[in-house]
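# Observations on the model geometry
The chain contents come next:
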Amino acid sequence: MVFRKLPGVSASGMGLRLSQKFVFLLFLSGLVTLCFGALFFLPDSVRLKRIFLSKTDTQPVTVGSGSGSENDAKEHLKRPKDQEHLRGITSAKGETSTKLKTLSRKPSVSHEATEERLAGGKAQEELTLPRSKPEPAPERVTSSIHGVNSDTFNYNKFKRCLLRAPLGREHGKPSDPRTEERRDKVKEMMKFAWDNYKRYAWGKNELRPLTRNGHIGNMFGGLRGASIIDSLDTLYIMGLTEEYNDAKEWVQTSLDLNSNGEASLFEVNIRYVGGLLSAYYLTGEELYKRRAVELGEKLLPAFNTPTGIPRGVINLGSGTSWSWGWASAGSSILAEFGTLHLEFVHLTELSGNPIYTEKVMNIRKLLNKIEKPHGLYPNFLSPVSGNWVQHHVSIGGLGDSFYEYLIKSYLMSDKTDEDAKKMYYSALEAIEANLVQKSPGGLTYMAEWRGGILDHKMGHLACFSGGMVGIGADDGAPEKRQHYLDLAAEITHTCHESYTRSATKLGPEAFRFDGGAEATATRLSDRYYILRPEVIESYMYMWRLTHDPKYREWGWEAVEALEQHCRVDSGFSGIRDVYATAVGHDNMQQSFFLSETLKYLYLLFSDDDLLPLEDWVFNTEAHPLPVVRKSCLQDGGTQDKTVSE
Ligand code: DMJ
């Protein structure tokens, strides 16, 4: 190697060259240290930083200081290790973590993970709330749940608390052959709908029966298999064993709850959580229980609002939540935040974690306290101020299942939930005083209310109310009981009329009682039928309550109409105009057709001992949930002799 001679340095002067090298190396290492140190001061989104530092290291900077892109923050929230940092940050700012710690017992799912998710949600929210309006800590209510915790929920003990076997003596086989034939027909319809879903849309959310492919949609936040989860209990009670086993295997191998999309809190709760809970209670398969609680946990961050009223949309991965763009002024929807109670109470039952019950009791408490115009509950409420945003009241869409869950909460609590009972009957009184109308032709209907002005329209969705008023009749004031049963029958009759007055014998999405109309749709846009269950649901309840054969006849009319107009080569489809004899199909087999419409029809043609109403309440997606009998569970089950399968 040849070194160029430096001026003033002899060629043989090795000592001098060494010290030169030493100074140079010193300078170089100083430079490297400086550059590396500077990485800590770079913004979070700079790629160099992400390459050189682990994600864990970047977390506090991302959320704590509010710097970094939103996506980065969401990413971090998914990693348990990163969430450690968040916990520290949030407990320093508020009481969330510590409060939850003291309230919890021994949960089966990691309660720490729940806390961390909550912390994450809160941290996100703090970034978006204006500083001038400090966020009050959500009000919490300590509920008393019975002494069962996650590790001790005992399925056998629970089964002994049922008054009768869930599937009856002979799976609800009806005694007369004609009814049995009709029931078999419904079972065949279920098999047909299922087989086609399996063949063309397996793993997708719904079947498109005309184009023979699957539909995913955007309601379930990236979750898949809505038709499978919605069908588990229907397949099970119908004794479609092979099909049920396929569905179960899919849950075992393919149900992925780690999705990162934007979901409707309401839809995920009623279809997925409800479907998994029912499947667990009916079969005792631990898998369903585990997945239900796991999913329930992912829904909790939606409740991190100033009032504890959840927002309608949640990202299941990050826990970020927001209100529907179409809901006025960022409000939450009554039928959405008011339709969580049944499932959340059961999540507490199964996990031993009181947080689920606390969340829904908090909603209940706020709704109980708030001033109500004429005793009515408007459909839009601000999750920030806790005030009504608009005075639109409806027993149909936007309001419907809130009322349903009040009476069902009472029934599911073994008739101990007195608040739910009081709220239900006073709401019903207000509904009767303000919304219930009689048409010139003598049909009873429930109008909608817009700030004191009546809109003489009833939605198909509102037709569930025949069944609701019916199941609540017995627990009303003694002098009102017959009246409620009559009201239930009248509403069901009106809804049946909306079917009989169409060419297809299926009912429109909405029908009116003005401008000469009586239970018919007057607008083109209201003429469609999307395989909805509500009218048939009311037939089923009214049959159970009265055993008037007309309800089975009406149910059979619906079966014939479904077969004639909605059955296509590869499944069932909704139709665009119930008044047209040459129907146009909408190419969608809704998951609630398998979960609700066909299940209610099957129950209508079964004996009452298939899922007896003394033991089961149906969630709003027709998933049966058992009555919670605390005394029986605490005593270790005293009614075991009555249950046999
Ligand atoms: C179902 O998903 C539920 O019944 C919900 O409460 C409202 N509507 C659909 C079916 O019509």
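Keep in mind that this is a model prediction, so the values were computed, not measured.

Across its full length, the protein carries 24 helices and 19 strands. Counting across all 645 residues of the protein, residues that qualify as buried make up 58%. Within the protein, residue pairs in contact and separated by at least 24 positions form 70% of the contacts whose partners lie at least 6 positions apart.

Residues in close proximity to the ligand include Phe-266, Ile-270, Arg-271, Leu-461, Arg-532, Pro-533, Glu-534, Phe-592, Glu-596, Thr-620 and Glu-621, which together make up its full environment. Contact distances for the ligand include 2.7 Å between an oxygen atom and a backbone N or O atom of Thr-620. For the ligand, whose accessible area on its own is 290 Å², the fraction buried by protein is 91%. Contributions of two or more residues to the shell around the ligand are made by helix H12 (265–283) and helix H23 (591–604). Ranked by residue count, the leading element in the shell around the ligand is H12, at 3 residues. Taken together, the residues that form the shell around the ligand break down as 5 nonpolar, 1 polar and 5 charged.

To continue, consider the state of the cysteines. Overall, the coordinates contain 2 disulfides when judged by the stated rule. The partner cysteine of Cys-463 in its disulfide is Cys-495, sulfur to sulfur 2.1 Å. The chirality of the disulfide connecting Cys-463 with Cys-495 is left-handed, given an S-S dihedral of about -90°. In this pair, Cys-463 is assigned in the loop between strand S14 (457–459) and helix H19 (465–472) and Cys-495 in helix H20 (residues 481–500), connecting sequence segments 32 residues apart. No difference in accessibility class separates Cys-463 from Cys-495, as the two residues are buried. Here the disulfide map of the protein reads 1-4, 2-3, the bonded cysteines being numbered as they appear in the sequence.

A separate point is the pattern of salt bridges. What the rule picks out here adds up to 33 salt bridges. The residue Asp-455 makes a salt bridge to Arg-512 at a minimum N-O spacing of 2.6 Å. With Asp-455 in strand S13 (residues 453–455) and Arg-512 in strand S15 (residues 510–512), this residue pair connects regions lying 57 residues apart in the sequence. In terms of burial, Asp-455 and Arg-512 fall into one category: buried.

This brings us to the side chain of Lys-457. Within the fold, Lys-457 resides in strand S14. For the buried residue Lys-457, which engages in no salt bridge, the nearest side chain bearing the opposite charge is Glu-448, 4.3 Å off. Lys-457 has contacts with Met-446, Ala-447, Glu-448, Ala-510, Phe-511 and Arg-512, leaving out every residue within four places of it along the chain.

Right, let's get into the packing of helix H11 (residues 241–254) against helix H13 (residues 286–299). Across the interface, H11 lies against H13 with an axial gap of 11 Å and an inter-helix angle of 50°. By the angle class used here, H11 and H13 are oblique. As for the relative orientation of H11 and H13, their crossing is left-handed in sense. Across the interface between the two elements, Tyr-244, Lys-248, Val-251 and Gln-252 from H11 touch Leu-287, Tyr-288 and Arg-291 from H13. Across the contact of H11 with H13, the residue classes break down as 4 nonpolar, 1 polar and 2 charged.

Pairing is antiparallel in the open sheet, where 3 strands are placed in the order S9-S12-S13. A single partner strand is all that each edge strand has here, and the edge strands are strand S9 (392–393) and S13.

Another aspect to go through is helix H17 (residues 400–412). Spanning 13 residues, H17 covers 18 Å between terminal C-alpha atoms, matching the ideal 18 Å at 1.5 Å per step. Burial of H17 is extensive: 13 of the 13 residues sit out of reach of the surface. Immediately downstream of H17, the backbone of Asp-414 shows phi near 60°, a positive value.

Next up on the list: the nonpolar core. Ranked by size, the top nonpolar core spans 153 residues in total, and within it Tyr-403 and Met-458 carry the most contacts. When residues in this core are grouped by element, the largest group, 12 residues, is from H12. With residues near it in sequence (within four places) discarded, Tyr-403 still touches Leu-334, Tyr-377, Val-393, Ser-394, Ile-395, Tyr-424, Ala-427, Ile-431 and Met-468.

Taken in spatial order, the 3 strands line up as S6-S7-S8 in an open sheet, and their pairing is antiparallel. On the outer flanks of this sheet lie strand S6 (332–333) and strand S8 (388–390), each paired with one strand and no other. Alignment of strand S7 (residues 380–381) against S8, held across 2 bridges, turns out to be antiparallel. Along S8, the bridge assignment pairs Phe-380 with Gln-390.

Let's shift gears to the environment of Tyr-499. Along the chain, Tyr-499 falls in helix H20. In this structure Tyr-499 comes out as buried when scored by relative accessible area, which is 4%. As a C-alpha pair, Tyr-499 and Val-578 span 79 residues in sequence and 8.6 Å in three-dimensional space. Among residues more than four places away in sequence, those in contact with Tyr-499 are His-460, Lys-505, Leu-506, Gly-507, Tyr-529, Arg-532 and Val-535.

Centre-to-centre distance and the angle between the planes together describe a pair of aromatic rings. Evaluation of the coordinates by the stated rule reveals 31 aromatic pairs. Where Tyr-236 meets Tyr-244, the ring centres are 5.4 Å apart and the plane angle is 65°; that geometry is what we call edge-to-face. On the basis of relative accessibility, which here comes to 8%, the residue Tyr-244 falls in the buried class. Residues Trp-324 and Trp-326 carry aromatic rings whose centres are separated by 5.9 Å and whose planes lie at 20° to one another, so their mutual orientation is stacked. What makes Trp-326 exposed here is its relative accessible area of 52%.

Take the packing of H17 against helix H18 (residues 418–434) next. Their axes nearest at 8 Å, the elements H17 and H18 cross at an angle of 140°. Here H18 runs oblique to H17, going by the angle between their axes. Considering the relative orientation of H17 and H18, their crossing is left-handed. Contacts between H17 and H18 involve Tyr-403, Leu-406, Ile-407, Ser-409 and Tyr-410 from the first element and Glu-418, Ala-420, Lys-421, Met-423, Tyr-424, Tyr-425, Ala-427 and Ile-431 from the second. Classifying every residue of the contact of H17 with H18 by side-chain character gives 10 nonpolar, 1 polar and 2 charged.

For the protein, per-residue confidence averages 82 on the pLDDT scale, and 75% of positions sit at 70 or higher. Scored below 50 in pLDDT, residues 35–150 makes 182 contacts in the model with residues more than four places away or belonging to other chains. Every residue in residues 638–645 is under pLDDT 50, and counting partners more than four places away or in other chains gives 19 contacts.

Each value, and the rule that gives it
Residues numbered from 1 in each chain as written. Predicted model: local features only at pLDDT ≥ 70, side-chain atom pairs only at ≥ 80, totals over all residues. Heavy atoms only, no water. Helix = DSSP H or I, 4+ residues; strand = E, 2+ residues; numbered from the N terminus. Buried < 20%, exposed > 50% of the residue type's maximum accessible area, 1.4 Å probe, protein only. Contact = heavy atoms within 4.5 Å. Near = heavy atom within 4 Å. Polar contact = N/O pair within 3.5 Å; in protein donor to acceptor, adjacent residues only side chain to side chain. Areas by Shrake-Rupley, 256 points an atom, 1.4 Å probe, with all protein chains shown as cover. Nonpolar A, V, L, I, M, F, W, Y, C, P; charged D, E, K, R; others polar. Disulfide = S-S within 2.5 Å. Salt bridge = Lys/Arg side-chain N within 4 Å of Asp/Glu carboxyl O. Lys, Arg positive; Asp, Glu negative; His and termini not counted. Axes fitted to C-alpha atoms, helices over the stretch in contact; angles between N-to-C directions. Parallel < 35°, antiparallel > 145°, perpendicular 65-115°, else oblique. Left-handed = near helix turned anticlockwise from the far one by under 90°. Pairing = 2+ DSSP bridges. Expected span 1.5 Å × (residues − 1). Core = buried A, V, L, I, M, F, W, Y, C linked by side-chain atoms within 4.5 Å. Phe/Tyr/Trp six-rings, centres within 6.5 Å; stacked < 30°, edge-to-face > 60°. pLDDT = per-residue confidence, 0-100.

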